[in-house]
Structure formats: structure tokens, C-alpha cells
Amino acid sequence: MKGFRFPLTIAVMGLFLCSLPLYSQSGTIFSPFPSSLRAVEAGEGIRLTWRDSPDVLGTYHIFRHSTEIDEGNFGDAREIAAVPPGISTFVDYPGDRQEYYYAVLLEDPDGGLFELFIPFRNKTVYPVSALPVVSEKELAASVTGLKAEVRGEGIQLRFQADKKNRSLTIYRHTDPIADVDGLLGASSIGMIESDQTTFTDYPIPGIPYYYGIFDTKLIQTGTFVFNPGQNISVQPVKIGEEARRTGLAAPSLSLRSPPLPRLMLQRSVVSGDQLAPSLNQISPAPRPMEAAARAVVDQLLAGIPEKHEKPGEAEILPSHLHGDFSGAAYTLSLILRERFSKGEYEETAAALEEFLSIRREDSVDHAARFYLGQAYYFTGNYREALYQFLTAEEDYYAESQPWIDRIYPRLAASP
């Protein structure tokens, strides 16, 4: 072992000397390299910062490598930029998410490089990767090969999605779903995972239907992609009228069909005789007010200060525009964005009438009627507008009252 002491001592002394700073002939410290090099993620790029050398005024050359840069692999490192002195920063855009190491070397007066690699000063020892900003459209699943075929008492949809772990929403319509208008009139019939390749619908027999399948998040951002024959069907499919089903969902699905409308029977089913009207069907016959009562009413009205009506302006509640919507709530928000917010009140009324032709949850129903009342108001249909606001005020009392107050004088002034 004694024979190894001298070489070992020389090696230790060499490492020690390499770690010491360089000195000029005058005895001052000579630092021909930058210091305090930092590399951090900056969105789609990697930002490098450093301190310029106080001893050499020259260009800084930036190198990148997939492993930590040293004398052994420096020849394989890629030079990505040359930065003039005084800048002290650079943003690299690798174009991928791979982890990288960096080194910044100073150019010497002869045009060469001071090939010094000092951890935490002019080279990094920890890898850094860029995090590209990916749009929802890039993340979305693309649906292709949509086929709709009658299978037994239902219509089976077959398709493929190119990405997993995404949510898909399936729509059905009696007209082609070829554009935004078609989608607004369609019914959302299911929400599935993108790794699913089939879906069975049980619509009412005897009616031809078209289908469309879209990435749920993509629809919520308003980015619509309509590819005939791929994610929307181009030929209608219908179940024969001999099928027994009447629009009920398949037993394996968790979807709940809308309940049937309440029947208001006026005659006996057995005898056909007239039935006594229920209390909610009885309304008193109008009769003129007596003179004494009219005088009291006029006196009460005279003491009420005159109200100065504020002009009505279309109102959309923020909770109906911004949120993670699905199903009927999403369809409503779509109508508000594509029609109501643009002042297309006749088109809004038509879309909401069709939307409400199917029974909805009370919260969605009342919200839709609040906007349908506004659409009727701006088209001069005050009587129908009043009815919609009176229905909506169960959930939107404070919001509906100003509109009701505006409508009453107009109804009184109308013939």
C-alpha cells in the first residue's frame, strides 16, 4: 500500500488546485467565466440568467445537452446561442418537454472559448424542462368513423376516439347536426369516456334521427368541429314503429327520462260525464268594481309616488355564462352566448321555446324562462313575457321583479 501514497497525494493536490480560482501575474483573481447561472422553466421555454465576468469583455456562448456538461461530453453539446456582454439572460425554446443541462462559456480574445466548467457558476447540475402551453383543442379527443345502426329496439352508435381519459358528449336531433344551429336544437343524450367505442340510444320509434359526438371540454370552450361521416352522422336512422319502446333509456344507463306531462282530466274516463273542476282550474268571473271601492283605490294610488322606470337592458347572469356546464345547463349557456348576447331576440325566443319543449329540471327551467321573458319583452310580446317572469321568479325573484314592473304599464296601455 505504501507504493500508492505518492500518486494518491498528487491526485488530491491536483483536484485541490483545480478548485482554486485563477490568478493573474499581478496576484488578482482572474475569472474568465460567468457566475450565478440559473435555468428555470418559463412557460414554453427555459430562461437562463447569469452574471457577466468582471475580467473579460466578450461574447457568451450557450450550450445545451441532455446530460450534465463537462470536459468529457462538451464536444456533443449543442451551441444554441451567442449573447453579447451586458445582456446576461436568454430564453431557450427546445420545442419539447425533454430535460436539459446548460453551460455558458466566455469567448477569449483570440476567438476561442475559455473551456471551464464550474458547477453552480457557469454550468447547471440539475435538469430543467419546458412546459409547453397546450390548448384545449390540442388536448381534445377527435372522434372518427361514426356509424349509426338499428340494433333491436335501439340505435347503436359505433365510433373511435384518438385520445383516452377524455369525456365525450353525444347529441341527437331530428335534423342534421352540421353547424351551431343544429347543435343548439339537439338533445344531449349521454356523456361517456373516450375509451368507449359504442353507445346504444333508445329513442321514440318511427322518427329518423341524426347523431353527433363531441369532446365535452371542446364544446364548453365554444370550439366546434363538425366532420360529416366522422363525428356527425350524414344519414338519418330510425327504429321501426313496431318496436315497443317509447323513448325510455336503456336499463344499463344511469340516464333518467323526462316524466310524462300531468293530465288534466275534465270528463270521467268511464262515463264521459263532466267532472267537477279542481281548485287550480277555478277562476272567478270578472265583474266591475263598485263606486265606493273605486274611490278608495284611487285615493290609495294617489299617495304612491310616481315611479321613473329605468329602460330595460338585456341581462345575463354571470353564473349562466361561466362555469363547468354539462347537459341542459350547457345547452342553455350556448343559446345565451350564440343568440341572446348578440341581441338576436327572435332567434333566442325560438331556441328557448324548443329547449323548453322537453321537461327540464326546475333550476334550468326557471333560468331559461328568465331569459325567454326578456326575449319576449324586447320583441313586444309583453303578455307572454309576464308569464315567463312569474314562473322564473321562484328561483329568480329579485331579478324578475324589475322586468315585471316594466311590463305592467305596457300591458295596461295595450288595447
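Cut-offs and rules
- Residues numbered from 1 in each chain as written.
- Predicted model: local features only at pLDDT ≥ 70, side-chain atom pairs only at ≥ 80, totals over all residues.
- Heavy atoms only, no water.
- Helix = DSSP H or I, 4+ residues; strand = E, 2+ residues; numbered from the N terminus.
- Buried < 20%, exposed > 50% of the residue type's maximum accessible area, 1.4 Å probe, protein only.
- Areas by Shrake-Rupley, 256 points an atom, 1.4 Å probe, with all protein chains shown as cover.
- Polar contact = N/O pair within 3.5 Å; in protein donor to acceptor, adjacent residues only side chain to side chain.
- Contact = heavy atoms within 4.5 Å.
- Pairing = 2+ DSSP bridges.
- Axes fitted to C-alpha atoms, helices over the stretch in contact; angles between N-to-C directions.
- Phe/Tyr/Trp six-rings, centres within 6.5 Å; stacked < 30°, edge-to-face > 60°.
- Lys NZ or Arg CZ within 6 Å of the ring centre and 35° of its normal.
- Patch = residues over 30% accessible without salt bridge, like charges linked within 9 Å, V, L, I, M, F, W, Y side chains within 5 Å.
- Salt bridge = Lys/Arg side-chain N within 4 Å of Asp/Glu carboxyl O.
- Lys, Arg positive; Asp, Glu negative; His and termini not counted.
- Charge placed at Lys NZ, Arg CZ, Asp CG, Glu CD.

Undergrad: Can you break down the overall build of the protein chain residue by residue, with the values?
TA: Each helix and strand counted, the protein chain has ten helices and 14 strands in total. A buried classification covers 35% of the 415 residues belonging to the protein chain. Summed over all atoms, the accessible surface of the protein chain reaches about 25500 Å², with 54% contributed by carbon and sulfur.

Undergrad: So, the side chain of Ser-233: which residues are in play, and what are the values?
TA: Residue placement: Ser-233 occurs in the loop between helix H4 (216-220) and helix H5 (291-302). Residue classification places Ser-233 among the buried residues on the basis of a relative accessible area of 10%. At 2.7 Å, the side chain of Ser-233 forms a polar contact with the backbone nitrogen of Tyr-211. The residues contacting Ser-233, other than those within four sequence positions of it, are Leu-146, Tyr-210 and Tyr-211.

Undergrad: Break down the environment of Ala-392 for me, citing the residues and quoting the values.
TA: Here Ala-392 is to be found in helix H9 (residues 382-392). By relative accessible area, Ala-392 is classed as buried at 0%. Expressed as a C-alpha distance, the spacing of Ala-392 and Ala-368, which sit 24 residues apart in the sequence, is 8.1 Å. Those residues in contact with Ala-392 that sit more than four places away from it in its chain are His-366, Arg-369, Phe-370 and Ser-400.

Undergrad: Before we move on, could you go through the sheet that holds strand S9 (residues 143-151) and cite the residues and values that matter?
TA: Strand order in the open sheet formed by three strands is S9-S10-S13, and the pairing between neighbours is antiparallel. The two strands at the open ends of the sheet, each matched to only one other strand, are S9 and strand S13 (198-201). Sheet twist, expressed as the average angle between the axes of neighbouring strands with direction ignored, equals 20 degrees. Pairing of strand S10 (residues 154-161) with S13, which is carried by four bridges, proceeds in the antiparallel orientation.

Undergrad: Which residues make up the packing of aromatic side chains, and what values go with them?
TA: Using the criterion set out here, one finds 17 aromatic pairs in the structure. Judged by centre distance (5.5 Å) and plane angle (75 degrees), the ring pair of Phe-214 and Phe-226 falls under edge-to-face. Of the two residues, Phe-214 sits in strand S14 (residues 210-215) while Phe-226 sits in the loop between H4 and H5, which places them twelve residues apart along the sequence. In this structure Phe-214 comes out as buried when scored by relative accessible area, which is 5%. Clustering of aromatic rings is evident, with ring pairs tying together Phe-340, Tyr-345, Phe-370, Tyr-371, Tyr-377, Phe-378, Tyr-382, Phe-389, Tyr-396 and Trp-403. Its end group placed over the ring of Tyr-100, Arg-64 keeps NZ or CZ at 4.9 Å from the ring centre.

Undergrad: Could you give an account of the pairing of strand S11 (residues 167-173), naming the residues involved and the relevant values?
TA: For a regular strand, side-chain orientation follows a simple rule: the groups alternate between the two sheet faces. With respect to burial, S11 is a largely interior element, six of its seven residues being buried. With six bridges connecting them, S11 and S14 associate as antiparallel partners. What sits directly across from Arg-172, in S14, is Tyr-211.

Undergrad: Got a sec to walk through unusual backbone geometry? Specific residues and values, please.
TA: Of note in this structure, Ser-36 is not a glycine but carries a positive phi near 55 degrees. Along the chain, Ser-36 turns up in strand S3 (residues 35-42). Of the residues examined, Ser-36 reaches a relative accessible area of 26% and is grouped as partly exposed. Unlike most non-glycine residues, Ser-88 shows phi in positive territory, near 65 degrees.

Undergrad: How would you summarise a negative patch on the surface if you had to cite specific residues and measurements?
TA: Residues Glu-361, Asp-362, Glu-394 and Asp-395 make up a contiguous surface patch of negative charge. By secondary structure assignment, the location of Glu-361 is in the loop between helix H7 (345-355) and helix H8 (362-378). By relative accessible area, Glu-361 is classed as exposed at 60%.

Undergrad: Please give an account of the sheet that holds S11 that cites residues and values.
TA: The sheet built from three strands is open, its strands ordered S12-S11-S14 with antiparallel pairing. Only two strands of the sheet have a single partner each, and these edge strands are strand S12 (187-193) and S14. On average, each strand axis in the sheet is tilted by 25 degrees relative to the strand beside it, whichever way the strands run.

Undergrad: Describe the pattern of salt bridges, with residues and values.
TA: Applying the stated criterion to the full structure yields twelve salt bridges. Close ionic contact of Lys-123 with Glu-68 constitutes a salt bridge, the shortest N to O distance being 2.9 Å. Of the two residues, Lys-123 is situated in the loop between strand S8 (101-106) and helix H2 (136-139) and Glu-68 in the loop between strand S5 (60-65) and strand S6 (78-83); the sequence distance between them amounts to 55 residues. With a relative accessible area of 7%, Lys-123 lands in the buried category. The residue Asp-365 makes a salt bridge to Arg-369 at a minimum N-O spacing of 2.9 Å. Of the two residues, Asp-365 and Arg-369 are both situated in helix H8; the distance of four residues between them amounts to about one turn of the helix. In this pair, the class of Asp-365 matches that of Arg-369, namely buried. A network of salt bridges, in which partner residues are shared, links Glu-149, Arg-151 and Arg-158.

Undergrad: Account for the side chain of Ser-31, with residues named and values stated.
TA: In this structure, Ser-31 sits in the loop between strand S2 (29-30) and S3. Setting aside residues no more than four positions away along its own chain, Ser-31 makes contact with Ser-53 and Asp-55.

Undergrad: Please set out the environment of Gly-327 residue by residue, giving values where relevant.
TA: Along the polypeptide, Gly-327 turns up in helix H6 (residues 327-338). Between the C-alpha atom of Gly-327 and that of Ser-188, which follows or precedes it by 139 residues, the distance is 5.8 Å.

These results come straight from atomic positions and should not be treated as a statement about function.
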